[in-house]
Amino acid sequence: MPRREAPADYVNNDRWVISYADFITLLFAFFVVMYSLSSINEEKYKTLSEALSGAFQGAGIDPLALGEGQGAVISIGEHPSAVTPVEQPDEEVVEPNPLETQRLVTIRERLEERVLPSIDERDLKIESNELWLSIELRSSMLFRSGRALPTVAADEILERLAVILRPYDNPIHVEGFTDDQLIETNQFPSNWELSAARAAAVVRLLSHYGVDPTRLAAVGYGEHQPAYSNRTEEGRQLNRRVVIVVSRDEKVRRTLTAYGSQQVSDDTVSTVISTDNEEPSDLVIEQVETATGGKLFRQIEAEEPSEQQENE
């Protein structure tokens, strides 16, 4: 009797359909989640927009406004011809407080009493007027030749100056100067870098010894504002200097940094920061060359035009 063959095992060749269906389901769920995240709840958006609009309109500002140029506001969807100019507020000018000028007198008296007697008058010079006080220091006393790292002696001198300056709130800026001898090193490609680095080093030490850093600024003029003649070795040595300028107020400091404290007269600064705008002044500022080759800005009276000029 012939042997019966065992039945063949059943093989399901359609199992991949289940995996594929699971994959499609997960992919569908993924896209549903992504769509839900990207869609905007219009009701919530409208509520938020109304709240912001109310807040900004209460302050007189359109949250969907874009400025085009100065003094103009354009809203989205608004025609450019409908631009409305924004009125600039009148500038409020405060008259200088006499106490600010008195502080400069007090600072000078303390410098002359506590610092000046112990330093050679050739190395330190103090000058002052009603608008500012300047402390001129020889660079050779503070730095080695071609360097901007303060010496031990500089550290001691600047600490004594800081003790006197730190109780007050007058603005201070430090001016760095060099002679006309060119310098070209990896650290200082020109005298600009050297003078600015020395001024910054003095500012850093004054701040380190307690002077409020918000009062301080540094500026380097290089060799371009000589106070002495560069024709002699003595004059070049005097031109290598650092000047600490204590201003009566911020307006004075801004004017001094624009011109240079040793290149402008006090009456010129008074004219620049004058608060009297009611009548035009007959005074003008002119630039003249000094005997040492420097430049000075001073105030003069404007000349009245001649008949011929008026006819022209």
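Refer to the preceding data block for the structure.
This report concerns the structure included in the present document. (Residues numbered from 1 in each chain as written. Predicted model: local features only at pLDDT ≥ 70, side-chain atom pairs only at ≥ 80, totals over all residues. Heavy atoms only, no water.)

### A few points about the overall build of the protein chain
Helices and strands together make up the secondary structure of the protein chain, namely 10 helices and 10 strands. A total of 312 residues make up the protein chain; the buried ones form 31% of that total. For the protein chain, restricting intrachain contacts to residue pairs at least 6 apart in sequence, the fraction spanning at least 24 positions comes to 65%. Summed over all atoms, the accessible surface of the protein chain reaches about 21500 Å², with 52% contributed by carbon and sulfur. (Helix = DSSP H or I, 4+ residues; strand = E, 2+ residues; numbered from the N terminus. Buried < 20%, exposed > 50% of the residue type's maximum accessible area, 1.4 Å probe, protein only. Contact = heavy atoms within 4.5 Å. Areas by Shrake-Rupley, 256 points an atom, 1.4 Å probe, with all protein chains shown as cover.)

### Some remarks on the sheet that holds strand β6 (residues 172-176)
The strand order across the open sheet built from five strands is β4-β5-β8-β6-β7, with neighbouring strands paired in mixed fashion. With one partner strand each, in any of the chains shown, β4 (124-128) and β7 (216-220) form the two edges of the open sheet. Put simply, the sheet's adjacent strands are angled 15° from each other on average, direction ignored. Across five bridges, β6 lies against β7 in parallel orientation. For Gly-176, the partnering residue across the bridge sits in β7 and is Gly-220. Together, β5 (132-138), β6 and β8 (241-247) form the strand contacts of helix α5 (residues 152-165), whose direction differs from that of β8 by roughly 10°. Along the sheet face, helix α8 (residues 250-259) touches β5, β6, β7 and β8 and points at about 10° away from the line of β6. (Pairing = 2+ DSSP bridges. Axes fitted to C-alpha atoms, helices over the stretch in contact; angles between N-to-C directions.)

### Some remarks on the pattern of salt bridges
For the structure on display, the rule yields 11 salt bridges. Where Asp-169 meets Arg-103, a salt bridge forms, and the shortest distance between an N and an O atom there is 3.6 Å. Placement of the pair is Asp-169 in the loop between α5 and β6 and Arg-103 in helix α3 (residues 98-114), with a sequence separation of 66 residues. Of the charged contacts in the structure, one is a salt bridge between Glu-136 and Lys-125, with a shortest N-O distance of 4.0 Å. Here the residue Glu-136 occupies a position in strand β5, and Lys-125 occupies one in strand β4, the gap between them amounting to 11 residues. For Glu-136, a relative accessible area of 2% puts it in the buried group. Here the salt bridges share partners, and the residues they tie into one network are Lys-125, Glu-127, Glu-136 and Arg-138. (Salt bridge = Lys/Arg side-chain N within 4 Å of Asp/Glu carboxyl O.)

### Some remarks on the packing of aromatic side chains
Two measures describe an aromatic ring pair: the distance that separates the ring centres and the angle between the ring planes. A complete count under the given rule lists two aromatic pairs for this structure. Plain terms: the ring middles of Phe-30 and Phe-31 are 5.6 Å apart, the flat faces sit at 70° to each other, and that makes the pair edge-to-face. For Phe-30, a relative accessible area of 46% translates into the label partly exposed. Here the aromatic rings of Phe-177 and Tyr-221 are separated by 5.3 Å at their centres, their planes lie at 15°, and the arrangement is stacked. Linking Phe-177 in the loop between β6 and α6 (191-208) with Tyr-221 in the loop between β7 and α7 (233-239), this pair joins segments that are 44 residues apart in sequence. (Phe/Tyr/Trp six-rings, centres within 6.5 Å; stacked < 30°, edge-to-face > 60°.)

### So, α8
For α8, the full list of buried residues reads Val-252, Arg-253, Thr-255 and Leu-256. Projected down its long axis, α8 carries its buried residues within an arc of 165°, all on one side. Away from its buried face, by an angle of more than 90 degrees, α8 presents the exposed residues Arg-254 and Ala-258. Contacts made by the buried residues of α8 are with β5, β6, β7, β8 and α9 (266-272). (Arc of directions from axis to C-beta.)

### Quick notes on the environment of Thr-257
You can see Thr-257 is positioned in helix α8. The class of Thr-257 is partly exposed, set by a relative accessible area of 30%. The spatial distance from the C-alpha of Thr-257 to the C-alpha of Ala-217 is 9.6 Å, given a sequence separation of 40 residues. When sequence neighbours within four positions are dropped, the list of residues in contact with Thr-257 reads His-173 and Tyr-221.

Keep in mind these values describe shape, not function.
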